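# Chains, contacts and geometry: an overview
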Amino acid sequence: MIKRNLLVMGLAVLLSACGFQLRGTGTTELAIKELDVSARNAYGETVTQLTRLLTSSGVKVYTGAPYKLMLTNEAETQRTISYSGSGRSAEYQLTTTLTYEVHGDKDRFLLGDKVTADRSYVHDGNNLTGSDQEAAQVRQEMRNDLIQKMMARLQQLTPSRLDELQAKADAVAKAEADALEAAQRIRDETPQQSPVEVPAR
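A few points on the structure. Predicted, not measured: the structure shown is a model, and the values here were computed from it. (Residues numbered from 1 in each chain as written. Predicted model: local features only at pLDDT ≥ 70, side-chain atom pairs only at ≥ 80, totals over all residues. Heavy atoms only, no water.)

### So, the nonpolar core
The line we're drawing: To define a nonpolar core, start from buried Ala, Val, Leu, Ile, Met, Phe, Trp, Tyr and Cys residues and group those joined through side-chain atoms within 4.5 Å. Burial status follows relative accessibility: with a 1.4 Å probe on protein chains alone, a residue under 20% of its type maximum counts as buried, one over 50% as exposed, and anything between as partly exposed. Helix and strand assignments follow DSSP, with helices taken as H or I runs no shorter than four residues and strands as E runs no shorter than two, numbered in order from the N terminus. Contacts: residue pairs with any heavy atoms within 4.5 Å of one another.
If you look at the biggest cluster of nonpolar residues, it comprises 34 residues, and the most contacted ones within it are Leu35, Leu54 and Leu69. Taken together, the elements giving at least two residues each to this core come down to strand S1 (34–39), helix H2 (45–56), strand S3 (68–83), strand S4 (89–103), strand S5 (109–124), helix H3 (128–155) and helix H4 (159–189). Those residues in contact with Leu69 that sit more than four places away from it in its chain are Leu35, Asp36, Val37, Ser38, Leu50, Tyr100, Glu101, Val102, Met150 and Leu154.

Here it is, written out as structure tokens:
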């Protein structure tokens, strides 16, 4: 028994030394070290849990950070998958979509996308309390799934990728500013015609 335990411990040490990690226990370290996080529902469960996870992953979350993550919308849809023979029970599929944007220097838009989570549960008309509890648990699992997917998206934002997105956003802003300036210059240089006077009869 002792030999078996020592063997298991030895294998665990060897595997961890070569970089092996169990699924779901991987690092959530992000290249972004400072982030401003906001949401339409500033005190909602999703933004609260995401902020907590970001902080525990070494990200400093505060207002005015160089990059801003905006959770612009969180929407849930529900559809019926099947009914029981008696019509008292039905299986529902829930889909939650979280839409987000990342803004950079001068609050310029860098990118926007969405993540989704799907789950199904059975609503039993004979056990409303149990069905409501199951629905609440399913929604919590979906929220956890959305947050993990959101973290995975943020992990893809390397400094070089962020610099590239910022450069594109700056170029777009400059082009728009130049176009507005050129249009204003044309208006300023165009002679204003005097109103035509109609001779009195």
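Alright, that's what it looks like, and here's the rest.
### A short note on the pattern of salt bridges
Convention followed: What makes a salt bridge here is a side-chain nitrogen of Lys or Arg within 4 Å of a carboxyl oxygen of Asp or Glu, nothing more.
For the coordinates displayed, the defined rule picks out 10 salt bridges. Residues Glu76 and Arg139 are paired through a salt bridge, measuring 2.9 Å at the closest nitrogen-oxygen approach. In this pair, Glu76 is assigned in strand S3 and Arg139 in helix H3, connecting sequence segments 63 residues apart. With a relative accessible area of 38%, Glu76 lands in the partly exposed category. Where Arg161 meets Glu164, a salt bridge forms, and the shortest distance between an N and an O atom there is 3.6 Å. Linking Arg161 with Glu164, this pair stays in helix H4, spanning 3 residues, or about one helical turn.

### Notes on the sheet that holds S3
Keep this limit in mind: Any two strands are treated as partners once DSSP identifies two or more bridges connecting them.
The 5 strands are arranged S2-S1-S3-S4-S5 in an open sheet whose pairing can be described as mixed. With one partner strand each, in any of the chains shown, strand S2 (60–61) and S5 form the two edges of the open sheet. Here S1 runs beside S2; their pairing, made up of 2 bridges, is parallel. Residue pairing across strands places Glu34 opposite Lys60, the latter belonging to S2.

Honestly, it's all geometry; don't read function into it.
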